[in-house]
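Survey of secondary and tertiary structure
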Amino acid sequence: MTEKGILVDRNDSVIFDFIYKKEFENSLTEYEFDHVFAGISDNLPIPEQTEVMFYQYVETIIAIDTEYKYALVCGAGLKYLWILSGEKSIPDSIWKDYLNKAEKLGFNTLNFLWIEHNQ
């Protein structure tokens, strides 16, 4: 399979899948099934223009738990930071540890956007 212009062996490189659902005040809902892959490539991703309006190339994995359920990742610089989860919720101990690591690296976590996942 090709993902963002990079050949991916889904069986070897998928970390987890998740469902993202966000309801907005204007009665619209964003609802998608996403995959989180890990890998190394000498090529930059080339997003499929008909499928992707925006993507962020993850520059650095800052932390990942031993079961690959939770990851703290960032883009280049201090602008983009994500806590990824393969579960509906993140244990407080991991949440606090990841925010602490991010703050020590210079990220502003005061306006961190928390998305509730119900499914």
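Nothing here was measured: the structure is a model prediction, and the numbers come from that model. (Residues numbered from 1 in each chain as written. Predicted model: local features only at pLDDT ≥ 70, side-chain atom pairs only at ≥ 80, totals over all residues. Heavy atoms only, no water.)

Here we come to a nonpolar patch on the surface. Taken together, the side chains of I19, Y31 and F33 define a hydrophobic patch exposed on the protein surface, amounting to about 310 Å² of accessible area. Along the polypeptide, I19 turns up in strand β3 (residues 14-23). Using a relative accessible area of 31% as the deciding quantity, one classes I19 as partly exposed. (Patch = residues over 30% accessible without salt bridge, like charges linked within 9 Å, V, L, I, M, F, W, Y side chains within 5 Å. Areas by Shrake-Rupley, 256 points an atom, 1.4 Å probe, with all protein chains shown as cover. Salt bridge = Lys/Arg side-chain N within 4 Å of Asp/Glu carboxyl O. Helix = DSSP H or I, 4+ residues; strand = E, 2+ residues; numbered from the N terminus. Buried < 20%, exposed > 50% of the residue type's maximum accessible area, 1.4 Å probe, protein only.)

For the rest of this paragraph, the subject is the pairing of strand β5 (residues 60-64). Looking down a regular strand, the side chains alternate between one sheet face and the other. Here β5 pairs with strand β6 (residues 70-74) via 4 bridges, running antiparallel. Looking at the pairing, I61 lines up with V73 of β6. Hairpin geometry of β5 and β6 is characterised by an intervening segment of 5 residues between the two adjacent antiparallel strands and by a positive phi of about 60° at Y68. (Pairing = 2+ DSSP bridges.)

Moving on, we get to the packing of aromatic side chains. For the coordinates displayed, the defined rule picks out 1 aromatic pair. Taken together, a centroid distance of 5.8 Å and an interplanar angle of 5° make the contact between Y80 and W82 stacked. Taking relative accessible area as the criterion, W82 reaches 27% and is therefore assigned partly exposed. (Phe/Tyr/Trp six-rings, centres within 6.5 Å; stacked < 30°, edge-to-face > 60°.)

Here we come to the pairing of β6. Among the 5 residues of β6, 5 are classified as buried, and the element is accordingly described as predominantly covered. In β6, alternate side chains face the same way, and those of Y70, L72 and C74 on one face and A71 and V73 on the other are all buried. Across 5 bridges, β6 lies against strand β7 (residues 81-85) in antiparallel orientation. Bridging from a neighbouring strand, V73 pairs with W82 of β7. A loop of 6 residues connects β6 with β7, the two strands running antiparallel in sequence, and G77 in this loop sits at a positive phi of about 75°.

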